Amino acid sequence: MSYAIVGQRVRRVDAREKVSGRAVYTGDLNLPHMLVGKVLRSPHAHARILSIDTSKARSLPGVKAVLTWEDTPKILWNSAGFPPSPGAVLMEDQYILTDKARYVGDAVAAVAAVDEDTAERALELIEVEYEALTPAMDVEAAMAEGAPLIHSAEKNVAAHMPVVIGDVEEGFRQADFVFEDRYYVPKVYQVTMEPCGVAVAAPDIDGRITIWTSTQMPHLVRGITAHALGLKTGKVRIIKPPVGGAFGSRLGVVNEPVAALLALKSGYPVMLKYTREESFLGTESRHPITMVLKTGVKKDGSFTARQMTAYIDGGAYATHTPSFAGPVAGWFLAMYKCANIKVDNYSVYTNSTQCGAFRGYGNPQVVFAVESQVDDIAMALGLDPLEIRRKNHPCEGEVWTWSGWEIESCGLEEAIERGAKAIGWDTKRNGQAVPSGTKKRGVGMGYMMHVSGARPMLHETSAAVVKINEDGSANLIFSNSDVGQGSGTALTQVAAEELGLAYEDVMITKTADTDVAGFDIGSHASRQAYSGGNAVRKAAAAAREKLLTMAAEILQVPVENLTVENGVVLTREGEEKSISVAEVSHKAHFGSHGHQIIGVASEEPEGNPPVYAAQFAEVEVDTETGVVEVLKVVAAHDVGTAINPTLVEGQIQGALQQGIGYALTEEYRYDPASGRPLNANLADYKILTAMDMPEVETILVEASCRTGPFGAKSVGESGLVGTAAAIANAVFDATGIRFRELPITPEKVLAALRAQEK
Amino acid sequence: MQDFDYWEPDSLAEAVTILSALKGQAFPLAGGTDLLPKLQKGQVSGSGVVNLKHVPELAGLGMERTSLRIGALTTVSSLLANKEVSTYFPALAGAARALGTPQIRNLATVGGNLCNASPAADLAVVLLAYEGRFKLAGPGGARTLAAQDFFIGPGQTALTQGEILTAVEIDIPPLHSRSAFLKHGLRKSHEIALVNAAVQLTLESGTDKIAATRIALGAVAPTPLRVRTAEAVLVGTRGGSAAWDEAAEKVMAAVAPIDDIRSTGAYRRHIAGVLTRRALHEAWGEAYETANHA
Ligand SMILES: Cc1cc2nc3c(=O)[nH]c(=O)nc-3n(C[C@H](O)[C@H](O)[C@H](O)COP(=O)(O)OP(=O)(O)OC[C@H]3O[C@@H](n4cnc5c(N)ncnc54)[C@H](O)[C@@H]3O)c2cc1C
């Protein structure tokens, strides 16, 4: 199926403003009498706060507000951005400012002052007396007998969620072989270009407060912020300017409640902008997880039992973690067919910064473990790793264990076939690649499936309004939570396609405003193209129907005979009768009807079709230094209809950079004794640079689905999900060494090579 | 950020006068890529900043007879753009290419890299291998120090109160010489060296016999380290992997690396050996070409 605008590589709606530097981000705003906010952070990972003396800070000239826990509403809240839903387990365990320090960086006090220097000096004048407690920096320490309690949860386990299908014990009895392995993935940080944590809060004379914030979800942030402040939701207005990247870091409230409280207490607008280091210290990142996988297989490679026990390190506050445990189980359940599956998830508090959402939401962690083990199983059974995946993955028409719904479309077979060909699977594996001196080469792959939305775990409301202007152009009013991924462009394409207008004639609200746009749960779960796209398409279809009805009246033809293309309404048979959209709309506004043509939709999408990918990596391992160099990555993705192939490729390429970093260089580390972060800066936290990127080949497989807008599914998160597994499997192919812990650093590789020699 | 006074002298004499009057309470400022982050984080404290950018005596990059004079204010990107540097001093060009990012290279100066005295500084290890002459000017007049006498410890140099590094001179290497620079890090750009190495080999004309050699390593000791014990085992040999191995052994014995967030000391020591072998191999291949096919 081909379309006029969907599927075209049109220019992004925000391209010009971003490349020219004209885009005005939250941190660029300047309001009259605006103050600068600053947060005082705990230097201890775990400490009781005995007293806080703010008198000196308060008397410093230029200081307009100094707040501590005493000044916060005594309302517990949870920062995770979830709508009330079956899958949202929202344990409320934090205040706007804390009464106990639970990690290095925990917000203990906040000030607002006339400028940054004064605010910083005020922080220095606040005297806090701490009684240091022993910190627990990982799940073993936190769950150990006699470990200090971070909250009141027994053994620091916030939640424990078993999921059982069939009977795994019976499955293990039926197996010819049982594999049991332990995997560990570290904490990694999103590193958005615009540091996470920037908001401007401005109270008004009528008791409302407006917050400009760099967020992924204006409406949900409005609700949580209002709750934390003890206000009715409608008293808070959220405006979302352009956002410099999110990757999950802004999936919920970040510092909006502190900014708002400072503004309300001082009576002035307050800018609260975290530095890069503060955003490392004080905002959410990817969960470290220890996973024990036990898998029973028959000689032919079919699975008789699959079991995962996962210890999820959630950090100091619950936020996402107990809800996040659901998808962690879901990813595992859904990957491979098996009659007997069991997942046991522990959500554990530790004294590190709380963890939350990061592109993939648990899937990169689970896929690394599952796909590493499946490779080992294939090897042990003498099967081609591609074959064992083809044999066991669920396919179109089968039930998707994630949702319990039927899988609408599946392009995995094609992705595997084309990806394998592009990487040279048959000619390069098993030591066939020519080694050069001290270097060894290998090829590996990993498969993944992911969501196009959050159903059925979350309620997925989206809303859109399409109004056709008197000149024939149209506005798309949407709570546009584009954070750089390009969803605003894709949604504009969907609206233009449905309306039959030129792409340039449809204008989306680039800035989201909760006073203007209808309710939408934001950018996450890779949902904007599918869920947002469906709402936009419905609203556009409603407008189109009204437009055609009116044109039919004017042209004196039955409405069924009319269609609209490129801004002109025409009769289907030929060109005999036509009228421009501009003319119809002008008549609508100013003719005898006196109304504007407006289409509205607010709804949940019908489904949540899975997307698939097969990623392949070729690596070269330097046996003298231990360095793993990725030579090439082939990413073959089934995304459904690619609304804008350039954007889709960009999403995959950018995600790969994070995926390779996850595999090889990134790890946010803490000193286990003191709990101090060791690399909360960009010199020592190693994201990859452009120079480190290998050759990348993206392959788009468009297995369109029935329920998606023009057949679209998703791509936002999936680009990094399978990458670490593909690289680890390639390293195994090159060296025969299996790494079950990320990142695969040169020191680890060298030590393993030395051990192998012995 | 702390408050400080700011000076902008426009001659060397004025700069020296201001700095000595402030008795170590002020910092010279060149590109600021080391100094400003330290000031912002409060890692150094002082009352003044003396901007050297308008001191003409510190500028300039060019040949003076048989040596290259590198003014202290020379930026890393201008080293990269210079023909003499790439022709005669490939290790210096290599180190400049490996330093920081394009934005940093446009600001960072040679003088700043040396006076900051990081044990990992990329240019320091190279200028040690080229036996640079460090030109200093201070209240007591001008003096010249050998590279290896300039570095004293992490962040410490032989500069006395009020003294400024004005330039570094390096001689064009003898005929049939070749140098190489290698840097090891976790990524290819924007990386402080876990270990860096600079070597130079000089062959006897028309032979493959090594007449002289220099080997220096960085990030493996409190200062960039010249390893003469490793140099000694190579002189008079015909090179080759056994010789490189022997030199690498000497290097691994000489270095004293620390454990830190970036690497263990043991790994640094191992990599010091690997880089020595690889740099020698690379330099030897090219030196052999020039000695036998010129
Ligand atoms: C992102 C980033 C990446 C970096 N990457 C690298 C890298 O890969 N390799 C590397 O080696 N370095 C690196 N650096 C460090 C730094 O950029 C270099 O050391 C640079 O050469 C310093 O030069 P500058 O002109 O900026 O020095 P400044 O910051 O101006 O000065 C540094 C110190 O030297 C003193 N000083 C400067 N000039 C003189 C003089 N003429 N006489 C006496 N004292 C003087 C100053 O008072 C100060 O103490 C990096 C820095 C950053 C921020």
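This structure is a prediction, so every number in the text was calculated from the model and none was measured.

1. Some thoughts on the overall build of chain A
When helices and strands are tallied, chain A shows 19 helices and 29 strands. Of all 758 residues assigned to chain A, the portion counted as buried reaches 63%. Taking as baseline every contact in chain A between residues at least 6 positions apart, the subset at least 24 positions apart corresponds to 81%. Only carbon and sulfur atoms are counted for the fraction: they give 51% of the accessible area of chain A, which is about 26,600 Å². Mean positive and mean negative side-chain charge positions of chain A (70 and 93 charges, respectively) differ by 1 Å.

2. Here we look at the environment of Thr-321 of chain A
All names here are of chain A. Mapped onto the fold, Thr-321 is located in helix H9 (residues 321-335). Thr-321 sits 34 residues away from Cys-355 along the chain, and the two C-alpha atoms are 7.1 Å apart. Contact partners of Thr-321, with chain neighbours within four places excluded, come to His-287, Ile-312, Gly-314, Ser-347 and Cys-355.

3. Some words on the nonpolar core
Residues and elements named next belong to chain A. In terms of nonpolar packing, the biggest core is built from 155 residues, with Met-291, Met-308, Phe-616, Val-619 and Ile-727 touching the most fellow members. Every residue in contact with Val-619, bar those within four places of it in the chain, is listed here: Lys-440, Arg-441, Gly-442, Val-628, Glu-629, Val-630, Leu-631, Ile-727, Ala-730, Val-731 and Ala-734. In this structure, Met-550, Leu-562, Ala-588 and Ile-643 belong to the second largest nonpolar core, which totals 42 residues.

4. Quick notes on the confidence of the model for chain B
Caution is warranted with low-pLDDT regions, since their predicted coordinates should not be read in detail. Taken as a whole, chain B shows an average pLDDT of 95; of its residues, 97% reach a score of 70 or greater. If you check the scores for this complex, the pTM reads 0.97 and the ipTM reads 0.94.

5. Some thoughts on the sheet that holds strand S12 (residues 270-273) of chain A
Residues and elements named next belong to chain A. Across the sheet, eight strands lie side by side as S3-S5-S1-S12-S9-S10-S11-S22; this open sheet has mixed pairing. Here the strands that pair on one side only, and so sit at the sheet edges, are strand S3 (63-68) and strand S22 (512-513). In this sheet, S22 lies alongside strand S11 (residues 236-240) in antiparallel orientation, the contact comprising two bridges. When the sheet's bridge partners are listed, Lys-240 is paired in S22 with Ala-512. The sheet strands contacting helix H3 (residues 116-125) are strand S1 (35-41), S3 and strand S5 (107-113), and the helix crosses S1 at an angle near 25°. Against the sheet, helix H6 (residues 218-229) contacts strand S10 (209-213), S11 and S22, and its axis sits at roughly 145° relative to S11.

6. A closer look at the interface of chain B and chain A
Contacts between chain B and chain A engage 19 residues on the former and 26 residues on the latter. For the pair chain B and chain A, the two sides together bury roughly 1,900 Å², of which 48% comes from carbon and sulfur. Broken down residue by residue, the surface that chain B buries against chain A is led by Arg-187, Lys-188 and Ile-261 of chain B, which jointly contribute 33%. Across the contact surface, chain B and chain A share six salt bridges. In this structure, the salt-bridge partner of Lys-686 of chain A is Glu-191 of chain B, at a minimum N-O distance of 2.6 Å. Here chain B is connected to chain A by 14 residue pairs in polar contact (both at pLDDT 80 or more). The leading source of residues in the side of chain B that touches chain A is helix H12 (residues 265-293) of chain B, at six residues. Looking at side-chain class alone, the side of chain B that touches chain A contains six nonpolar, six polar and seven charged residues.

7. Some details on a negative patch on the surface
Side chains of Asp-115 and Asp-117 of chain A together with Asp-3 and Asp-5 of chain B sit close together on the surface and give a patch of like negative charge. Here Asp-115 of chain A is to be found in the loop between S5 and H3.

8. Brief notes about the site of the ligand
Residues and elements named next belong to chain B. Taken together, 30 residues form the shell around the ligand, and within it Pro-28, Gly-31, Thr-33, Asp-34 and Thr-109 come nearest. Take Asn-113: an N or O atom from its side chain is 2.9 Å from an oxygen atom of the ligand. Between the ligand and the protein, one listed contact pairs a nitrogen atom with a backbone N or O atom of Leu-165 at 3.0 Å. For the ligand, the protein covers 88% of the area, taking 980 Å² as the surface of the free molecule. Those elements that provide at least two residues to the shell around the ligand are strand S2 (26-29), helix H7 (110-115) and strand S10 (164-171). Considering each element in turn, the shell around the ligand owes the most residues, four residues, to H7. A per-class count over the shell around the ligand returns 16 nonpolar, ten polar and four charged.

9. A few points about helix H17 (residues 645-664) of chain A
With 20 residues, H17 of chain A extends 28 Å from end C-alpha to end C-alpha; this agrees with the ideal 28 Å at 1.5 Å per step. Most of H17 of chain A is tucked away: 14 of the 20 residues are buried.

10. Some thoughts on the packing of H17 of chain A against helix H18 (residues 723-735) of chain A
Two packed helices can be described by the angle between their axes and the distance between those axes. Residues and elements named next belong to chain A. The N-to-C vectors of H17 and H18 enclose an angle of 50°; their axes lie 8 Å apart at closest approach. Classified by the angle their axes make, H17 and H18 are oblique. Both H17 and H18 take part in a crossing whose hand is right-handed. Between H17 and H18, the contacting residues are Leu-656, Gly-659, Ile-660, Tyr-662, Ala-663 and Leu-664 on the first element and Thr-723, Ala-724 and Ile-727 on the second. A breakdown of the residues in the contact of H17 with H18 according to their chemical character gives seven nonpolar, two polar and no charged.

11. Quick word on the sheet that holds strand S18 (residues 439-450) of chain A
Residues and elements named next belong to chain A. Spatial strand order, S18-S27-S28-S29: four strands in an open sheet with mixed pairing. Edge strands, defined here as strands with exactly one partner in the open sheet, are S18 and strand S29 (695-701). For this sheet the average axis-to-axis angle between neighbouring strands, irrespective of direction, equals 15°.

12. A short note on the domain arrangement of chain B
Residues and elements named next belong to chain B. Taken domain by domain, chain B consists of domain 1 (5-51), domain 2 (56-170) and domain 3 (178-293). One C-alpha centre belongs to domain 2, the other to domain 3; they are set 20 Å apart. The largest contributions to the domain 2 side of the interface with domain 3 come from Pro-119, Val-125 and Ala-129, which together make up 26% of the buried area. Inspection of the domain 2/domain 3 interface yields three salt bridges. Two residues, Asp-122 and Lys-183, come together in a salt bridge whose shortest N-O distance is 2.7 Å. Elements supplying a minimum of two residues to the side of domain 2 that touches domain 3: helix H5 (90-98), helix H8 (122-129) and strand S8 (151-153). The element that contributes the greatest number of residues to the side of domain 2 that touches domain 3 is H8, accounting for six residues.

13. Quick word on the domain arrangement of chain A
Residues and elements named next belong to chain A. Split by domain assignment, chain A resolves into domain 1 (15-21 + 461-603), domain 2 (31-133 + 190-282), domain 3 (147-188 + 285-392) and domain 4 (406-448 + 610-758). With 22 residues of domain 1 at the interface, the matching set in domain 2 holds 21 residues. Summed over both sides, the interface of domain 1 with domain 2 buries roughly 1,600 Å², with 54% coming from carbon and sulfur. Connecting domain 1 to domain 2 are three salt bridges. At the boundary of domain 1 with domain 2, the tally comes to 13 residue pairs in polar contact (both at pLDDT 80 or more). Counted by class, the side of domain 1 that touches domain 2 contains five nonpolar, ten polar and seven charged residues.

14. Examining the packing of aromatic side chains
Residue and element names in this part refer to chain A. Under the criterion given, the structure shown has 22 aromatic pairs over all chains. With centroids separated by 5.4 Å and ring planes inclined at 70°, the aromatic side chains of Phe-303 and Tyr-336 adopt a geometry described as edge-to-face. Within this pair, whereas Phe-303 is found in strand S14 (residues 303-315), its partner Tyr-336 is found in the loop between H9 and strand S15 (341-349), the two being separated by 33 residues in sequence. Residues Phe-303 and Tyr-336 agree in their burial class; the two are buried. Taken together, a centroid distance of 5.5 Å and an interplanar angle of 65° make the contact between Tyr-336 and Tyr-447 edge-to-face. You can see Tyr-336 sitting in the loop between H9 and S15 and its partner Tyr-447 sitting in strand S18, a full 111 residues away along the chain. Like Tyr-447, Tyr-336 is buried. Ring-pair connections join several aromatic residues into one group, and the members of that group are Tyr-189, Phe-280, Tyr-668, Tyr-670 and Tyr-685. Here Arg-537 stacks its cationic end above the ring of Phe-710, 3.8 Å away from the centre of that ring.

Rules behind the numbers
Residues numbered from 1 in each chain as written. Chains lettered and ligands numbered in written order. Predicted model: local features only at pLDDT ≥ 70, side-chain atom pairs only at ≥ 80, totals over all residues. Heavy atoms only, no water. Helix = DSSP H or I, 4+ residues; strand = E, 2+ residues; numbered from the N terminus. Buried < 20%, exposed > 50% of the residue type's maximum accessible area, 1.4 Å probe, protein only. Contact = heavy atoms within 4.5 Å. Areas by Shrake-Rupley, 256 points an atom, 1.4 Å probe, with all protein chains shown as cover. Lys, Arg positive; Asp, Glu negative; His and termini not counted. Charge placed at Lys NZ, Arg CZ, Asp CG, Glu CD. Core = buried A, V, L, I, M, F, W, Y, C linked by side-chain atoms within 4.5 Å. pLDDT = per-residue confidence, 0-100. Pairing = 2+ DSSP bridges. Axes fitted to C-alpha atoms, helices over the stretch in contact; angles between N-to-C directions. Buried area = accessible area lost by both parts, 1.4 Å probe. Salt bridge = Lys/Arg side-chain N within 4 Å of Asp/Glu carboxyl O. Polar contact = N/O pair within 3.5 Å; in protein donor to acceptor, adjacent residues only side chain to side chain. Nonpolar A, V, L, I, M, F, W, Y, C, P; charged D, E, K, R; others polar. Patch = residues over 30% accessible without salt bridge, like charges linked within 9 Å, V, L, I, M, F, W, Y side chains within 5 Å. Near = heavy atom within 4 Å. Expected span 1.5 Å × (residues − 1). Parallel < 35°, antiparallel > 145°, perpendicular 65-115°, else oblique. Left-handed = near helix turned anticlockwise from the far one by under 90°. Domains from an automatic or database assignment. Phe/Tyr/Trp six-rings, centres within 6.5 Å; stacked < 30°, edge-to-face > 60°. Lys NZ or Arg CZ within 6 Å of the ring centre and 35° of its normal.

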